[in-house]
Protein chains: 2
Amino acid sequence: MKTYNTIIILITGISLYSCNQNSSKEESTLIFQKGVKIENNNFTGNAYLEMLINSDSINRNSVGSVTFEPGARTNWHSHPNGQIIVAIDGEGYYQEKGSPKRILKKGDAVKCPANIPHWHGASENSEFIQIAITSRVSGPTEWLDAVNDKEYKSDE
Amino acid sequence: MKTYNTIIILITGISLYSCNQNSSKEESTLIFQKGVKIENNNFTGNAYLEMLINSDSINRNSVGSVTFEPGARTNWHSHPNGQIIVAIDGEGYYQEKGSPKRILKKGDAVKCPANIPHWHGASENSEFIQIAITSRVSGPTEWLDAVNDKEYKSDE
């Protein structure tokens, strides 16, 4: 019976160790640092920015990883050269003025057309991590009104 | 003794089930499709491209996810507006002409300067997944010689 107890303890130990190994790997799937909390008035809710690449006079793209907490979103805004969004994790929303909002999941990529007001952010119940690739060839982002709760929740 | 056998079988079953749950989650951490095998002569070894965004006349950036098998790499090449590389998974190398090669791990971002010959690819023992953000504002990529084994293995 003592042998059986030892076997049970061993199996349990090995299982716990091996599952822990897996879950460490799982935690390490976060690709980018969360970055710093965005404190300006162009967002609703809590969002964080990790700048990856700054634009310069030759390559005028900036690249940043943005983490939106559930319910957080940008204001309506537009870009004179458009913007590219690549969804990295969680579930997000993307909406262009006059079109229904779209659900974004990891691996989805969206090109926001030039000068078309749009917003993006997390869904109500999920964090959303995205890369934003913003071209500044023809000028900076134009920030517009906040996305109110009615707009955020609407499916139209 | 029968009871102990049953307990051992139960514990083993639960462990396997629970570990399987974890490993399914782990598999789902791949963000992009692997895409299609790159068949042109600008690469050594096996690499795959999943195009995420094509450039157009207003937003002249293309965005693609490239998966390099271990040892695979681009030829030397340069871009008239530079290029941005974001490491997504595995371990890769990046080298500019005249500088030591750098190791890239997930979350690392590199801006390749305009008109500077460089190459990137996987390390010898790891796959490497990267996003390439290529600006075509001033023209297409200029492809150069293959990275030979001596260059690939050198630390200088």
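Small disclaimer: the values here were computed from a predicted structure and weren't measured.

## Digging into the overall build of chain A
Regarding its fold elements, chain A presents two helices and twelve strands. For chain A, the sequential pattern of α-helices and β-strands runs α-β-β-β-β-β-β-β-β-β-β-β-β-α. Among the 156 residues that make up chain A, the fraction classed as buried is 43%. Looking at chain A alone, contacts between residues at least 24 apart form 68% of all its contacts between residues at least 6 apart. Accessible area of chain A: about 8000 Å², with a carbon and sulfur share of 51%.

## Describing the nonpolar core
If you look at the biggest cluster of nonpolar residues, it comprises 22 residues, and the most contacted ones within it are Val86 and Ile88 of chain A together with Val63 and Ile88 of chain B. Residue assignment for this core shows that the elements contributing at least two residues are strand 3 (47-53), strand 7 (83-96) and strand 11 (128-135) of chain A together with strand 3 (47-53), strand 7 (83-96) and strand 11 (128-135) of chain B. Those residues in contact with Ile88 of chain B, other than ones at most four positions away along the chain, are Ile31 and Phe32 of chain A together with Ile31, Phe32, Lys106, Ile129, Gln130 and Ile131 of chain B.

## Some remarks on the UniProt feature "domain: Cupin type-2" (unreviewed entry) in chain A
UniProt tags residues 66-126 of chain A as "domain: Cupin type-2" (unreviewed entry). Counting secondary structure, residues 66-126 of chain A comes out at 0% helix and 56% strand; the distance between its end C-alpha atoms is 14 Å.

## Regarding the packing of aromatic side chains
Residues and elements named next belong to chain A. Here the structure, examined in full by the defined rule, presents twelve aromatic pairs over all chains. With a centroid separation of 5.8 Å and 45 degrees between ring planes, the pair formed by Phe43 and Trp143 is classed as tilted. One end of the pair, Phe43, is in strand 2 (residues 43-44); the other, Trp143, is in strand 12 (residues 142-143), and 100 residues separate them in sequence. Accessibility expressed as a relative area gives 18% for Phe43, which makes it buried. Taken together, Phe43, Phe68, Phe128 and Trp143 form an aromatic cluster joined through their ring pairs. Positioned above the aromatic ring of Tyr48, the side-chain terminus of Lys34 is 4.4 Å from the ring centre. A cation sits over an aromatic face here: Lys97 above Trp76, 4.1 Å from the ring centre.

Rules and cut-offs
Residues numbered from 1 in each chain as written. Chains lettered and ligands numbered in written order. Predicted model: local features only at pLDDT ≥ 70, side-chain atom pairs only at ≥ 80, totals over all residues. Heavy atoms only, no water. Helix = DSSP H or I, 4+ residues; strand = E, 2+ residues; numbered from the N terminus. Buried < 20%, exposed > 50% of the residue type's maximum accessible area, 1.4 Å probe, protein only. Contact = heavy atoms within 4.5 Å. Areas by Shrake-Rupley, 256 points an atom, 1.4 Å probe, with all protein chains shown as cover. Core = buried A, V, L, I, M, F, W, Y, C linked by side-chain atoms within 4.5 Å. UniProt positions renumbered as here; feature names shortened; annotations may be inferred. Phe/Tyr/Trp six-rings, centres within 6.5 Å; stacked < 30°, edge-to-face > 60°. Lys NZ or Arg CZ within 6 Å of the ring centre and 35° of its normal.

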